[in-house]
Each structure stands twice: as C-alpha cells, then as structure tokens.
Amino acid sequence: MFVPLERLINLDEGYRNTFQVAGRRLLLLVLDNQPLLMEDSCPHRGAPLHMATLSNGVLRCQRHGMAFQLPSGRPLQEGCAGLMMLEIAYEGDRIGIDV
Ligand code: FES
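What you see is a predicted model, and the numbers here were worked out from it, not measured in a lab.

Attention now moves to the nonpolar core. Formed by 16 residues in total, the largest nonpolar core has its most connected members in Leu29, Met38, Leu49, Leu59, Leu70 and Leu83. Elements supplying a minimum of two residues to this core: strand S3 (24–31) and strand S4 (34–39). Top element by residues in this core is S3. It accounts for three residues. Not counting the four nearest positions on each side in its chain, Leu83 is found in contact with Met38, Pro43, Leu49, Leu59, Phe68, Leu70 and Gly73. Formed by 14 residues, the second largest nonpolar core is a distinct cluster that contains Val3, Leu11, Leu26 and Leu28.

Shown next as structure tokens:
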C-alpha cells in the first residue's frame, strides 16, 4: 500500500521533514536534488536524526557525533551500523513509501 509523504513540487534542495508511518519515524530529505528516505533513528543509540548536521554529503548525528555518508548511509567510523535507508515510491505527484 502506497503511503504518500510529500508533494514532489515541495522537494527543493535542503528539504527535510519527518513522518510517522506504521509506527516508524521516517526522515525524508533532499540532497543534490535527490530525495532520500531513511529511518529517523541513529544506528548508534537511536537518537533522532532530523536535527543531524549535513555537510558535503555527510550526515552527522548530534548525540555522539557518528557520521554517515549519503546517499549510501555507510558509517564513517568503525563499530557502528549504517543508516537504514528506505526505498522511495512514487504515485502521481506524490513521493511516499510502500508499506
Ligand atoms: S545516537 Fe547518534 S551518535 Fe550516538
């Protein structure tokens, strides 16, 4: 089932928003004109990532400073899992997720 999150027309560079879908917190952001969808939860200790800094394609969690390369979500340090990146779905003029 497609769950719409945002209108495509609103996805400008720098867009960032969070959503609750089926009990999960999701983070949608736009980097280099590419929408990226991920769990809004740091794989280190679960801090929300919507306040994370984003610079040169690196998302850095505010809580303990773990950093992740986007768009892959790959961690930039040992001992930490990568971001849980999610597949984006499209329907009409909306971006969303299939659940
Ligand atoms: S919870 Fe994100 S770096 Fe620790």
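Picking up after the structure, the text goes on.
Moving on, we come to the sheet that holds strand S1 (residues 2–7). Strands sit in the order S1-S11-S10 across an open sheet of three strands; the sheet is antiparallel. On the outer flanks of this sheet lie S1 and strand S10 (89–91), each paired with one strand and no other. Neighbour to neighbour, the strand axes of the sheet diverge by 40 degrees on average, direction disregarded. Relative to strand S11 (residues 94–98), S1 runs antiparallel, the two being bridged by five bridges. Each bridged residue has a counterpart across the sheet, and for Arg7 the counterpart in S11 is Arg94.

For the rest of this paragraph, the subject is the pattern of salt bridges. Enumeration over the complete set of coordinates arrives at four salt bridges. As a salt-bridge pair, Arg7 and Asp93 come within 2.8 Å of each other at their nearest N and O atoms. Residue Arg7 is found in strand S1, and its partner Asp93 is found in the loop between S10 and S11; the two are separated by 86 residues along the sequence. Of the charged contacts in the structure, one is a salt bridge between Glu39 and Arg24, with a shortest N-O distance of 2.8 Å. Residue Glu39 is found in strand S4, and its partner Arg24 is found in strand S3; the two are separated by 15 residues along the sequence. Judged by relative accessible area, which is 17%, Glu39 ranks as buried.

This part is about the sheet that holds strand S8 (residues 74–75). Strand order in the open sheet made by the four strands is S5-S6-S7-S8, with antiparallel pairing throughout. Where the open sheet ends on each side, the last strands, each with one partner, are strand S5 (53–55) and S8. Bridge analysis of strand S7 (residues 67–69) against S8 gives two bridges, and the strand direction is antiparallel. Of the residues in S8, the one forming a bridge with Phe68 is Pro75.

This part covers the pairing of S3. Of all eight residues in S3, six are buried; the element is thus mostly enclosed. The pairing of strand S2 (residues 16–21) with S3 spans six bridges and is antiparallel. Bridge assignment links Asn17 to a residue of S3, and that residue is Leu28. Inspection of the sheet shows S3 paired to S4 by six bridges, in the antiparallel sense. Each residue of the ladder has a partner; that of Leu26, found in S4, is Glu39. Linkage of S3 to S4, two consecutive antiparallel strands, is achieved through a turn of two residues, within which Asp32 is found at a positive phi near 55 degrees.

Reading the values: rules and limits
- Residues numbered from 1 in each chain as written.
- Predicted model: local features only at pLDDT ≥ 70, side-chain atom pairs only at ≥ 80, totals over all residues.
- Heavy atoms only, no water.
- Core = buried A, V, L, I, M, F, W, Y, C linked by side-chain atoms within 4.5 Å.
- Buried < 20%, exposed > 50% of the residue type's maximum accessible area, 1.4 Å probe, protein only.
- Helix = DSSP H or I, 4+ residues; strand = E, 2+ residues; numbered from the N terminus.
- Contact = heavy atoms within 4.5 Å.
- Pairing = 2+ DSSP bridges.
- Axes fitted to C-alpha atoms, helices over the stretch in contact; angles between N-to-C directions.
- Salt bridge = Lys/Arg side-chain N within 4 Å of Asp/Glu carboxyl O.

That is the geometry; function is a separate question.
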